[in-house]
Amino acid sequence: MSNGTHVDDRHPRAESIRTRERLTHHVGTRVLALAGLIAHGRGEAFDYMLGEATTEPAKRAITAAAAAMLLAEHPVISVNGNAAALCAEDMVRLSRATGAKLEVNLFHRQPGREEAIEAVLREAGAEEVLGVGDAATARINEIHSDRRTVDPRGIYVADVVLVPLEDGDRAEALVRMGKTVIAVDLNPLSRTAQYASITIVDNLVRAAPLLVSEAERLKGFGADELHGILSSYSNSEALGESMRIMEERLHALSRKGVYLRIDGEE
Ligand code: PTJ
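These lines cover the structure that appears in this document, whether it is placed above or below. (Residues numbered from 1 in each chain as written. Predicted model: local features only at pLDDT ≥ 70, side-chain atom pairs only at ≥ 80, totals over all residues. Heavy atoms only, no water.)

Some thoughts on the nonpolar core
For step 1, the next point in the chain: With 53 residues, the main nonpolar core has I77, L121, L162, I182 and I200 as its most contacted residues.
For step 2, the next point in the chain: In terms of residue count, helix α4 (residues 81–98) provides more of this core than any other element does, 10 residues in total.
For step 3, the next point in the chain: Non-local contacts of L121, meaning those with residues more than four positions away in its chain, are made with V79, A88, V92, V104, A126 and V129.
For step 4, the next point in the chain: In this structure, V76, I143, A183 and A196 belong to the second largest nonpolar core, which totals 15 residues. (Core = buried A, V, L, I, M, F, W, Y, C linked by side-chain atoms within 4.5 Å. Buried < 20%, exposed > 50% of the residue type's maximum accessible area, 1.4 Å probe, protein only. Helix = DSSP H or I, 4+ residues; strand = E, 2+ residues; numbered from the N terminus. Contact = heavy atoms within 4.5 Å.)

Structure representation (structure tokens):
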């Protein structure tokens, strides 16, 4: 799945280039909105500040997120173009591990996109995909974008919704409706990151497989233990720590006056 650019494994940014290749490929398949490329670029900038690694607060948020999904009665994974292009297989595995439904929900509703995303999810093993075409008949009036149209069997009745990277006002509206919102967003300052109940400040590419393995690990835990994990988690603390990690890294690097020697090279 590439645009034909050969990426040498020894290239220091090989993984990042391959991810970009996946995204640009999916502009052609209609899975990705063009704006998805811009969104990814913004994410990459924050990932540099994070050190391109999953941090301790992100790991805690992942554990809390897995617990919340396992405790939910109607968990739903909301899939947009970027999530489908970056980690369709993990979204399907997560849905199996937690019993969450997969629903396509888009900001940019160009013709053919929902169906293209459904196809990618089915190819990755999904048996049921909500929210496509006529299935999205319910409306959430508090959401002021095309994301307001949802599936009555999915986001509309969900008690826990995972929203991997996205724009705007939806997290706020869903939380106001009493739902638990789990967001994955590299930008801890975004509206989504700030309003979500559990914010995983990490690259979706790294966080998604960790979320799957954490859900599989916690599956054997009793409800009391899962509630214990959730009640000891503080999203504002985790968000604050993520910001401090970025701030301290930038501060340390700016004092040294170099960036590329972060791995201990002198
Ligand atoms: O597929 P659609 O039509 O639903 O549209 C999806 C996008 C992502 C284009 C749309 O929701 C959008 O425009 O989002 P924004 O406003 O650009 O916000 C995306 C957020 O995700 C930003 O805060 C980015 O920093 C963050 N982000 C980008 N790539 C990643 C990421 N967070 C985690 N992992 C990433 N790989």
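And the narrative resumes.
With respect to the site of the ligand
For step 1, the next point in the chain: In the vicinity of the ligand lie 24 residues, with H108, R113, D167, N203 and L204 positioned nearest.
For step 2, the next point in the chain: In this structure, a nitrogen atom belonging to the ligand sits 2.8 Å away from a side-chain N or O atom of N203.
For step 3, the next point in the chain: Residue L204 places a main-chain N or O atom 2.8 Å away from a nitrogen atom belonging to the ligand.
For step 4, the next point in the chain: Compared with its free state, where it exposes 740 Å², the ligand has 94% of that area covered by protein. (Near = heavy atom within 4 Å. Polar contact = N/O pair within 3.5 Å; in protein donor to acceptor, adjacent residues only side chain to side chain. Areas by Shrake-Rupley, 256 points an atom, 1.4 Å probe, with all protein chains shown as cover.)

Remarks on the pattern of salt bridges
For step 1, the next point in the chain: The final tally for this structure, using the stated rule, is 16 salt bridges.
For step 2, the next point in the chain: For the salt bridge of R18 with E15, the shortest nitrogen-to-oxygen distance reads 3.5 Å. Here R18 pairs with E15, and both are found in helix α1 (residues 14–28), just three residues apart, close to one helical turn.
For step 3, the next point in the chain: Classification of E15 as exposed rests on a relative accessible area of 51%.
For step 4, the next point in the chain: A salt bridge links E214 to R217; the shortest N-O distance between them is 2.7 Å. (Salt bridge = Lys/Arg side-chain N within 4 Å of Asp/Glu carboxyl O.)

Here's the deal with the layout of surface pockets
For step 1, the next point in the chain: By volume, the largest pocket is sized at about 630 Å³.
For step 2, the next point in the chain: Taken together, 34 residues form the lining of the largest pocket, with A39, R42, L165, E166 and D167 sitting closest to its centre.
For step 3, the next point in the chain: Elements that contribute at least two residues to the lining of the largest pocket include exactly α2 (34–50), α4 and α7 (191–195).
For step 4, the next point in the chain: A total of nine residues in the lining of the largest pocket trace back to one element, the largest contributor, which is α2.
For step 5, the next point in the chain: Its residues placed into classes, the lining of the largest pocket shows 12 nonpolar, 13 polar and nine charged. (1 Å grid on protein atoms, 1.4 Å probe; cavity = no way out; pocket = protein on both sides within 12 Å on 5 of 7 lines; lining within 4 Å. Points joined across faces, edges and corners; volume = space filled by probe spheres on them. Nonpolar A, V, L, I, M, F, W, Y, C, P; charged D, E, K, R; others polar.)

A look at the sheet that holds strand β5 (residues 160–164)
For step 1, the next point in the chain: What the five strands build is an open sheet, ordered β2-β1-β5-β6-β7; its pairing is parallel. With partners counted over all chains shown, the strands left at the sheet margins are β2 (101–104) and β7 (198–200), one partner each. The sheet shows a mean angle of 20 degrees between the axes of neighbouring strands, direction not considered.
For step 2, the next point in the chain: Pairing of β5 with strand β6 (residues 180–184), which is carried by five bridges, proceeds in the parallel orientation. Within the sheet, the bridge partner assigned to V163 lies in β6 and is A183. (Pairing = 2+ DSSP bridges. Axes fitted to C-alpha atoms, helices over the stretch in contact; angles between N-to-C directions.)

Focus on unusual backbone geometry
For step 1, the next point in the chain: If you check the backbone angles, R30 has positive phi at about 80 degrees while not being a glycine.
For step 2, the next point in the chain: Structurally, R30 is set in the loop between α1 and α2.

Details of the pairing of β2
For step 1, the next point in the chain: As paired strands, strand β1 (residues 75–79) and β2 are joined by four bridges and run parallel to one another. For V76, the partnering residue across the bridge sits in β2 and is K101.
For step 2, the next point in the chain: Between the parallel pair β1 and β2, the chain is carried across by α4, and the sense of this crossover is right-handed. (Right-handed = clockwise from strand over helix to strand, strands pointing away.)

Considering the pairing of β6
For step 1, the next point in the chain: In terms of burial, β6 is a largely internal element, four of the five residues being buried.
For step 2, the next point in the chain: Handedness of the crossover is the feature at issue here: the chain leaves β5, passes through helix α6 (residues 170–176), returns alongside β6, and the resulting connection is right-handed.
For step 3, the next point in the chain: One ladder, built from three bridges, connects β6 with β7; its direction is parallel. Following the sheet pairing, I182 is matched in β7 by I198.

Some points on helix α3 (residues 56–71)
For step 1, the next point in the chain: With 16 residues, α3 ought to run about 22 Å at 1.5 Å a step, and its terminal C-alpha atoms sit 23 Å apart, in line with that.
For step 2, the next point in the chain: Of all the residues in α3, the buried ones are P57, A58, A61, I62, T63, A64, A65, A66, A67, A68 and M69. (Expected span 1.5 Å × (residues − 1).)

With respect to α4
For step 1, the next point in the chain: With 18 residues, α4 should reach 26 Å at 1.5 Å per residue; the first-to-last C-alpha distance of 22 Å falls well below that figure.
For step 2, the next point in the chain: Along its length, α4 shows its largest kink, about 95 degrees, at C87.
For step 3, the next point in the chain: Extensive coverage of α4 is indicated by the burial of 15 of its 18 residues.
For step 4, the next point in the chain: Its side-chain oxygen 3.2 Å from the backbone nitrogen of N82, N80 forms the N-cap of α4.
For step 5, the next point in the chain: Directly beyond the C-terminal end of α4, a positive phi value near 80 degrees is found at G99. (Bend = angle between axes of the 7 residues up to and from the residue.)

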